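Residue-level structural notes
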Amino acid sequence: MDSLTARIAAALRPEFDQAVIVAPVGHPVLGLPPCRVLGCAGGAITRAGLCKGHHTRWHRADRPDVGRWVQTDQPPLQPQRILASCAVEGCRRGQCAATLCSGHYQLWKRSDRPKLGQWIIGQQPLSAFPRSVCAIGDCTLDAETKKRPLCRNHDHRWRTNGMPPIEQFVIDCDVRGADIFDLRGLPDRLVREIQYGLQCRVDESRLKTQPRRLMPMIRCLSQIGAHSLREHTIEEWDAVLFTGASLGRTNSVIAFVRDTLASLDRLQGLVGWDTEYPRDIWKLTNLGFPATRLAVLRFDRIHPHWMRDLAKRWCRWRLSTGSSAGVVASNLYALTRFCRFLEETGRGVPTPAALDRPMIEEYLAWVAVRCPDPNTRRKDLGGLASFLRTLQQHRWAPDLSPGAVLFREDYPPIPAPKARALSEFVASQLELESNLCRFAEPRFRVLTEILQRTGLRVGDARRLTIDCIDRDQHGAAYLRYHNHKMRRDARTPIDDALAEAITAQQQRVRKQFPTGPILFPMIVANLDGTRPIDRAAYAQNLDAWVSACEIRTEAGDNVHVRPHQFRHTYATRLINSGVPQHVVKKLLDHDSDTMTAHYARLSMETVREEWSRATKVDIHGQEIRELDGELAEAVWLKNSLSRAKMALPNGYCTLPLQQTCEYANACLTCPMFLTTPEFLPQHRTQLIETRVLIESARARGQQRVQQMNETVEKNLLNIIGTLQTAPSTCADAQRGRDHKDNDAR
Ligand code: SF4
Ligand SMILES: [Zn+2]
Ligand SMILES: [Zn+2]
Ligand SMILES: [Zn+2]
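Going by what an unreviewed UniProt entry lists, the protein chain is known as Site-specific recombinase XerD and is assigned to Williamsia limnetica. Quoted straight from UniProt, the Sequence similarities (unreviewed entry) entry for the protein chain says "Belongs to the 'phage' integrase family."

Have a look at this one:
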């Protein structure tokens with residue numbers, strides 16, 4: 001026995017240290033789910049959730065609705081027959097004839113077959129040889145002969161089965177009808193490896209590993225005479241099993257081989273930097289990183305060798321000084337692109353000295369054509385610059401040309417961030433109850449509502465813990481989450497309706513995963529409920545939902561919604577509704593002001609566009625045309641400042657900045673006054689009030705007051721007349737509504 005086989009044997013628990021491993025029905029990893037028929041002990045092998053026997057019955061009953069059929073009383077399937085023992089009291093041998101074992105039957109025959117009932121009274125058990133119980137599972141009969149440890153019936157079955165080795169026959173009988181991993185016939189080393197692979201799968205409790213998936217592979221390994229899974233790399237096994245041996249391709253098979261090889265590496269201590277560093281493909285789990293979609297760092301595409309060696313050193317240094325695996329992988333990809341440039345353009349860099357500034361300039365030209373997107377290019381150049389800077393700083397390549405650096409000017413300018421918020425037209429459709437209720441699964445609806453109403457990043461929302469709601473002393477609810485980007489915990493206020501939806505989701509999860517820690521657990525490959533919904537799975541569901549709801553843009557086009565757009569929309573709405581930037585920054589848990597300021601800039605642009613589109617009139621109801629060109633921008637800024645300085649209830653003051661107004665209550669007769677349709681409700685109210693004032697002044701004989709108010713009345717009529725015919729924008733209407741609400745308050 002070689003050392004690995006011995007090490008595996010020592011690590012195996014007794015239930016896996018078997019040539020035939022039974023997968024009990026209902027076992028969370030190995031077993032089939034139980035048959036849906038109440039009281040049936042069989043495993044469900046059909047999509048309808050029935051065992052073979054019940055599936056046959058259901059089929060014969062003309063395949064009625066399964067849900068209802070399993071509720072009806074189904075007679076039990078034929079139970080295993082208990083073998084009867086000899087009728088003589090105390091005799092435990094199997095019956096041969098006339099309810100007697102062979103020995104007592106011979107005695108009875110020799111006694112001229114008296115009445116059996118009376119004859120057996122007083123008979124003694126035979127003791128021709130020492131008693132031994134039949135070796136088959138729960139058979140309680142005595143062995144028939146001293147040659148084999150089998151009762152009469154099992155001995156008969158053994159002979160009719162071609163007299164196999166007793167040990168094999170005993171196992172076959174014991175596991176009859178059960179789902180098994182049958183490793184008999186495989187070499188010892190391979191048996192141990194598969195046993196250990198199964199044990200690790202059970203310990204991880206992550207993926208279903210059923211015999212019907214793995215047995216074809218096990219038979220295939222036996223046919224091709226494999227001795228160990230270590231004979232090939234995973235890529236070679238893929239070719240050997242699926243191409244060479246024509247095994248039906250199933251991902252679960254190759255995943256089992258891959259996982260088992262990794263488990264064996266761990267068992268042998270082949271993990272950690274000493275073993276992983278020399279390899280050209282690093283498995284991140286072997287370096288202590290959690291299993292994620294990013295599984296490996298690839299150095300096999302880095303040429304020449306001196307650069308590959310330095311790239312490994314650079315990545316090891318980055319990973320061990322706290323850089324995330326994702327950032328390191330992205331930087332490594334930048335270096336890989338540089339190597340592709342060297343390869344495609346036939347430029348050789350046999351030594352670090354050959355990598356100089358002219359070559360970097362050639363690369364800048366190549367990458368500008370190959371990679372026109374400035375953001376991607378900036379990322380790539382940043383990765384290469386970081387690599388070269390590290391080499392220079394640490395003097396890892398003393399002969400590296402001093403010109404091998406990138407300058408700030410080498411990067412393309414940062415493009416202005418695009419507005420990625422959903423338009424109000426689309427966002428409001430996505431929030432309609434009639435649409436939200438069309439989600440195929442409630443968990444996806446709750447996740448979407450969290451994104452819409454809190455602006456969380458989808459990566460944070462899908463990993464919410466199940467107890468994610470906190471309440472303050474007044475009972476107000478807050479969502480507690482981990483900001484994975486900033487690596488800190490944070491809280492955001494939520495409304496009661498969302499808190500209720502989350503509570504309902506908690507209850508659904510508790511039913512399926514009583515001890516699961518996650519609010520949105522993945523349904524498959526997640527036996528203990530610790531893995532959250534996959535990002536891609538959510539995006540797919542969101543897509544399907546958006547198209548099922550027939551969400552359209554203002555122009556009637558189809559909409560593609562990315563989960564992160566909910567965050568942009570949430571932030572933009574906050575800014576647009578006047579929430580101060582520092583509050584928005586806190587709500588979104590931004591680390592710097594840059595992103596919040598980006599939303600504020602977008603908000604300003606939106607307001608600016610609305611202002612340009614709006615009809616603006618003076619006190620005579622004459623429409624004011626905006627200036628064109630650069631001055632228009634300056635006028636807009638001046639008016640914005642004026643608005644901030646002099647907030648009017650019914651319009652805008654366009655007084656030059658350095659001047660101050662002493663008659664702020666005389667705006668409706670002032671040439672500096674300007675107003676827009678959003679203030680129509682205020683103008684109408686003021687018209688009624690002005691007419692009341694005119695009447696009372698007339699009644700009191702106050703002519704001057706009457707004349708002043710008549711001018712105001714005339715101006716109001718002109719203003720209202722023009723504004724009423726002006727096309728109003730959505731924002732106007734909204735602001736009008738807001739003002740009305742404020743008035744009502
Ligand atoms: S009276 Fe004229 S200058 Fe004074 S606040 Fe009103 S619009 Fe501006
Ligand atoms: Zn059944
Ligand atoms: Zn007997
Ligand atoms: Zn028996």
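Continuing now.
Let us look at the overall build of the protein chain. Within the protein chain one finds 29 helices and nine strands. Expressed as a percentage of the 745 residues in the protein chain, the buried residues total 41%. The contacts in the protein chain between residues at least 6 apart in sequence include a share of 55% that link residues at least 24 apart. Accessible surface, the protein chain as shown: approximately 40,800 Å² in total, 53% of it carbon and sulfur.

Another point: the coordination of the zinc ion (ligand 2). Coordination sphere of the zinc ion (ligand 2), protein contribution only: Cys35 (SG), Cys40 (SG), Cys51 (SG) and His54 (ND1), at 2.0 to 2.4 Å. We note that the donor set of the zinc ion (ligand 2) lies within a single chain, spaced as C-x4-C-x10-C-x2-H. Here the two residues Cys35 and Cys40 agree in accessibility, since each one is buried.

This paragraph deals with the coordination of the zinc ion (ligand 4). Surrounding the zinc ion (ligand 4) are the protein donor atoms Cys134 (SG), Cys139 (SG), Cys151 (SG) and His154 (ND1), which sit 2.1 to 2.4 Å from the metal. Note that the zinc ion (ligand 4) binds four donor atoms; their angles at the metal cover 97 to 119°, and the shape is tetrahedral. Taken in sequence order, the residues that donate to the zinc ion (ligand 4) follow the motif C-x4-C-x11-C-x2-H. Here Cys151 lies in the loop between helix H5 (116-119) and helix H6 (152-160) and Cys134 lies in the loop between H5 and H6, a separation of 17 residues in the sequence.

Below, the discussion takes up the sheet that holds strand S7 (residues 488-493). Across the sheet, which stays open at both edges, the three strands sit in the order S5-S6-S7 with antiparallel pairing between neighbours. The open sheet has two edge strands, strand S5 (469-471) and S7, and neither has a second partner. Each strand axis lies, on average, 35° off the axis of its neighbour in the sheet, ignoring direction. Pairing between strand S6 (residues 477-483) and S7: six bridges, direction antiparallel. If you follow Leu479 over to S7, its bridge partner there is Thr492. Against the sheet, helix H21 (residues 496-512) makes contact with S5 and S6, and its axis sits at roughly 135° relative to S5, the strand it touches most.

Moving on: the nonpolar core. One finds Leu297, Met307, Leu355 and Phe387 to be the most contacted residues of the largest nonpolar core, which totals 42 residues. Counting residues per element, the ones that place at least two in this core are helix H13 (305-320), helix H14 (325-344), helix H15 (357-370) and helix H16 (374-394). Per element, the largest residue contribution to this core is nine residues, and it comes from H14. When residues no more than four places from it in sequence are discounted, the contact partners of Leu355 are Trp306, Met307, Phe338, Val349, Leu388, Leu400, Ser401 and Ala404. Counting residues in each nonpolar core, the second largest holds 41 residues, with Cys468, Tyr481, Ala501 and Ile551 among its members.

Right, let's get into the packing of aromatic side chains. For the structure shown, the criterion picks out 13 aromatic pairs. Where Trp317 meets Trp396, the ring centres are 6.3 Å apart and the plane angle is 90°; that geometry is what we call edge-to-face. Placement of the pair is Trp317 in helix H13 and Trp396 in the loop between H16 and helix H17 (424-430), with a sequence separation of 79 residues. We classify Trp396 as buried; its relative accessible area is 15%. Here the aromatic rings of Phe439 and Trp545 are separated by 4.2 Å at their centres, their planes lie at 10°, and the arrangement is stacked. Highlighted residues: Phe439 in the loop between helix H18 (433-436) and helix H19 (442-454) and Trp545 in helix H22 (residues 535-548), separated in sequence by 106 residues. No difference in accessibility class separates Phe439 from Trp545, as the two residues are buried. The structure contains a cluster of three or more aromatic residues connected by ring pairs, namely Trp273, Tyr277, Trp282 and Phe299. The cationic tip of Arg316 hangs over the ring face of Tyr277; the distance from NZ or CZ to the ring centre is 4.2 Å.

A separate point is unusual backbone geometry. With an omega of -5°, the peptide bond between His303 and Pro304 qualifies as cis. Mapped onto the secondary structure, Pro304 falls in the loop between strand S4 (296-298) and H13. Although it is not a glycine, Ala98 sits at a positive phi angle of roughly 50°. Judged by its relative accessible area of 34%, Ala98 is partly exposed. Even without being a glycine, Glu550 presents a positive backbone phi close to 50°. Within the fold, Glu550 resides in the loop between H22 and helix H23 (564-576). With relative accessibility at 53%, the residue Glu550 sits in the exposed group.

What follows concerns H13. Compared with an ideal rise of 1.5 Å per residue, which puts 16 residues at 22 Å, H13 spans 22 Å between its outermost C-alpha atoms and is within 8% of the ideal. All of the buried residues in H13 are Trp306, Met307, Arg308, Leu310, Ala311, Lys312, Trp314, Cys315, Arg318 and Leu319. Buried residues along H13 sit against helix H12 (273-276), strand S3 (281-283), S4, H14 and H16. The first or second residue beyond H13 is Gly322, which carries a positive phi of 100°.

What follows is about the side chain of Gln195. Secondary-structure assignment places Gln195 in helix H8 (residues 188-204). According to the relative accessible area criterion, Gln195 is buried, its value standing at 2%. Gln195 has contacts with Leu12, Phe16, Asp17, Gln18, Ala19, Ile21 and Leu183, leaving out every residue within four places of it along the chain.

Once that is clear, we can look at the pattern of salt bridges. Evaluation of the coordinates by the stated rule reveals 37 salt bridges. A salt bridge links Glu424 to Arg573; the shortest N-O distance between them is 2.8 Å. On the criterion of sequence distance, the pair formed by Glu424 in helix H17 and Arg573 in helix H23 is long-range, its members being 149 residues apart. Here Glu424 falls in the partly exposed class, since its relative accessible area comes to 46%. One salt-bridge network, held together by shared partners, links Glu433, Arg445, Glu449, Arg453 and Asp495.

What counts, and where the lines are drawn
- Residues numbered from 1 in each chain as written.
- Chains lettered and ligands numbered in written order.
- Predicted model: local features only at pLDDT ≥ 70, side-chain atom pairs only at ≥ 80, totals over all residues.
- Heavy atoms only, no water.
- UniProt positions renumbered as here; feature names shortened; annotations may be inferred.
- Helix = DSSP H or I, 4+ residues; strand = E, 2+ residues; numbered from the N terminus.
- Buried < 20%, exposed > 50% of the residue type's maximum accessible area, 1.4 Å probe, protein only.
- Contact = heavy atoms within 4.5 Å.
- Areas by Shrake-Rupley, 256 points an atom, 1.4 Å probe, with all protein chains shown as cover.
- Donors = N, O, S within 2.8 Å, 3.2 Å for Na, K, Ca; no water.
- Tetrahedral: all angles 85-135°; square planar, octahedral: opposite > 155°, others 65-115°.
- Pairing = 2+ DSSP bridges.
- Axes fitted to C-alpha atoms, helices over the stretch in contact; angles between N-to-C directions.
- Core = buried A, V, L, I, M, F, W, Y, C linked by side-chain atoms within 4.5 Å.
- Phe/Tyr/Trp six-rings, centres within 6.5 Å; stacked < 30°, edge-to-face > 60°.
- Lys NZ or Arg CZ within 6 Å of the ring centre and 35° of its normal.
- Expected span 1.5 Å × (residues − 1).
- Salt bridge = Lys/Arg side-chain N within 4 Å of Asp/Glu carboxyl O.

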